[in-house]
Amino acid sequence: MTLHSLMRPVSAGALLAATILAVAPSAYAQSANNGGWFVPKAAHPEASAPVARPAPRRSVPVAAEAPAEEDQGAPNTQQAPPVLPLPPIPNPPTVAKAAPPPAAIIGVINVQAVMQMSSAAQEIQQVLGTRRDKLAQAVQREEGAWRGEQQKLQSEARTLTADQIQLRERHLQERRAKDQRDFGNQARIIQEAAQVAFHQIERELEQGNGIIAAVAGAHNMNLVLHAEQVVLHVGEQDITEEVANQLNKTLPHVFIPGEGVDPEQLAKSGKMPTTADEQRSPQGPEQAPAAAAPAQPESVLRQHH
């Protein structure tokens, strides 16, 4: 039978994206000591934002404070709600009786557990985790070098002219700005590579003829709920392990863009379909041969991207 819905407000890919996209905690700790400017923009978007200066306090007129004093004198007083217009609305038409839906045959699935058992997801974490660690180490090295140049300038300041000090300070600022751009771009590339990789697993699970639909159909299930939404179920209703096993057989590995390869530039190269093609054709290229089959309802997970 057709899988009618996956009742959950988030996508499968969103369950694990946070574990892949963040920069190593050590980079955050080091960056916190230097204003945060070394943290890549993708992981710390507020790093490059200008520091907000407190606005000067303005004196409040005495007349404006009078209502507040009255309210303090009578804290239990509530204002009556305003009387507003109530325009008429049409009565809904009578809806003709229709055939009832089939009886629900329910299954449950733990998508997070499926991801944890997925060999492809483990590969993504290992490959991109290594790249993330290398980036964090590069950030720390550059921060140490920058601090060293700053301390050197401070120690030599007495022997330099004002113009020389100003020139070297400007070079340090330019170096800091370049580091922000470079490290932010590298973090973005890692983040987008994770999105490309995890989206392959997500599509394999969620598409109309995907693994969840196939496993549910094999058990004549027409409604699959996430395990977190279910208080009680019997073991035969849980298809988590079966879906994970089928996923490992069907998709043991995923395509991960090479280290330093910009996914956005890869999309522009025309070597493979892109997310823009997916948006124009929701069914996707892999479902083109089944165009004559009855249209399948789109996954609720996909609708909440």
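Use the structure listed above.
A few points on the structure. (Residues numbered from 1 in each chain as written. Predicted model: local features only at pLDDT ≥ 70, side-chain atom pairs only at ≥ 80, totals over all residues. Heavy atoms only, no water.)

**Description of the nonpolar core**
Selection rule: Take the buried Ala, Val, Leu, Ile, Met, Phe, Trp, Tyr and Cys residues and link them wherever side-chain atoms come within 4.5 Å; each set so joined is a nonpolar core. Residue burial is assigned from relative accessible area. The probe radius is 1.4 Å, only protein chains are included, and a residue is buried under 20% of its type maximum, exposed over 50%, and partly exposed in between. Segments assigned H or I by DSSP are reported as helices when at least four residues long, segments assigned E as strands when at least two residues long, and all are numbered from the N terminus. The contact definition used throughout considers only heavy atoms, calling two residues in contact when any of these lie within 4.5 Å.
By size, the foremost hydrophobic cluster in this structure holds 27 residues, and its most contacted members are Ile-109, Ile-124, Ile-201, Leu-205, Val-243 and Val-254. Contributions of two or more residues to this core are made by helix H4 (111-117), helix H5 (119-156), helix H6 (162-206), helix H7 (211-218) and helix H8 (240-250). The element best represented in this core is H6, accounting for 6 residues. Apart from the residues lying within four places of it in its own chain, the contact partners of Ile-109 are Val-114, Ile-212, Val-224, Leu-225, His-226, Ala-227, Glu-228, Asp-238, Ile-239, Thr-240 and Val-243. In this structure, Leu-135, Ala-138, Val-139 and Ile-190 belong to the second largest nonpolar core, which totals 6 residues.

**Quick notes on the packing of H6 against H8**
To be explicit about the condition: Interaxial angle, 0 to 180 degrees, is taken between N-to-C directions of lines fitted to C-alpha atoms, where a helix line uses only the stretch in contact. Here the word oblique covers every angle except those under 35 degrees (roughly parallel), over 145 (roughly antiparallel) and from 65 to 115 (roughly perpendicular). With the far helix as reference, a near helix turned anticlockwise by less than a right angle produces a left-handed crossing, and one turned clockwise produces a right-handed crossing.
Two numbers describe how H6 lies on H8: the axes approach to 11 Å, and their chain directions differ by 120 degrees. With respect to H8, the element H6 is oriented oblique. Crossing geometry of H6 relative to H8 is assigned as right-handed. Contact residues: H6 offers Ile-201, Glu-204 and Leu-205, while H8 offers Val-243, Leu-247 and Thr-250.

**Some details on a nonpolar patch on the surface**
Applicable threshold: Excluding any residue in a salt bridge, patches collect residues exceeding 30% relative accessible area, merging like charges within 9 Å and nonpolar Val, Leu, Ile, Met, Phe, Trp and Tyr side chains within 5 Å. The accessible surface values rely on the Shrake-Rupley method and a 1.4 Å probe; as for residues, cover is taken only from the protein chains in view. Each salt bridge in this description consists of a side-chain nitrogen of Lys or Arg and a carboxyl oxygen of Asp or Glu lying within 4 Å of one another.
A cluster of nonpolar side chains, Val-196, Phe-255 and Met-272, forms an exposed patch at the surface whose accessible area comes to about 220 Å². Inspection of the secondary structure assignment puts Val-196 in helix H6.

**Considerations on unusual backbone geometry**
Despite not being glycine, Asn-220 shows a phi value in the positive range, around 60 degrees. Summarising the element assignment, Asn-220 is placed in the loop between H7 and strand S3 (223-226). Asn-220 gets classed as partly exposed once you look at its relative accessible area, which sits at 43%.

**Description of the packing of H7 against H8**
Note the threshold: Amino acids are sorted into nonpolar (Ala, Val, Leu, Ile, Met, Phe, Trp, Tyr, Cys and Pro), charged (Asp, Glu, Lys and Arg) and polar (every other residue, Gly among them).
Two numbers describe how H7 lies on H8: the axes approach to 10 Å, and their chain directions differ by 130 degrees. Relative to H8, the element H7 lies oblique. Both H7 and H8 take part in a crossing whose hand is right-handed. Along its contact with H7, which presents Ile-211, Ile-212 and Val-215, the element H8 presents Glu-242, Val-243, Gln-246, Leu-247 and Thr-250. Across the contact of H7 with H8, the residue classes break down as 5 nonpolar, 2 polar and 1 charged.

**As for the pattern of salt bridges**
Taken as a whole, this structure holds 8 salt bridges when the rule is applied. With a closest N to O distance of 3.3 Å, Glu-264 and Arg-188 form a salt bridge. Pair noted here: Glu-264 is in helix H9 (residues 263-268) and Arg-188 is in helix H6, with a separation of 76 residues, a long-range link. Overall, the relative accessible area of 37% leaves Glu-264 in the partly exposed class. Where salt bridges share partners, they join Arg-188, Glu-192, Asp-262 and Glu-264 into one cluster.

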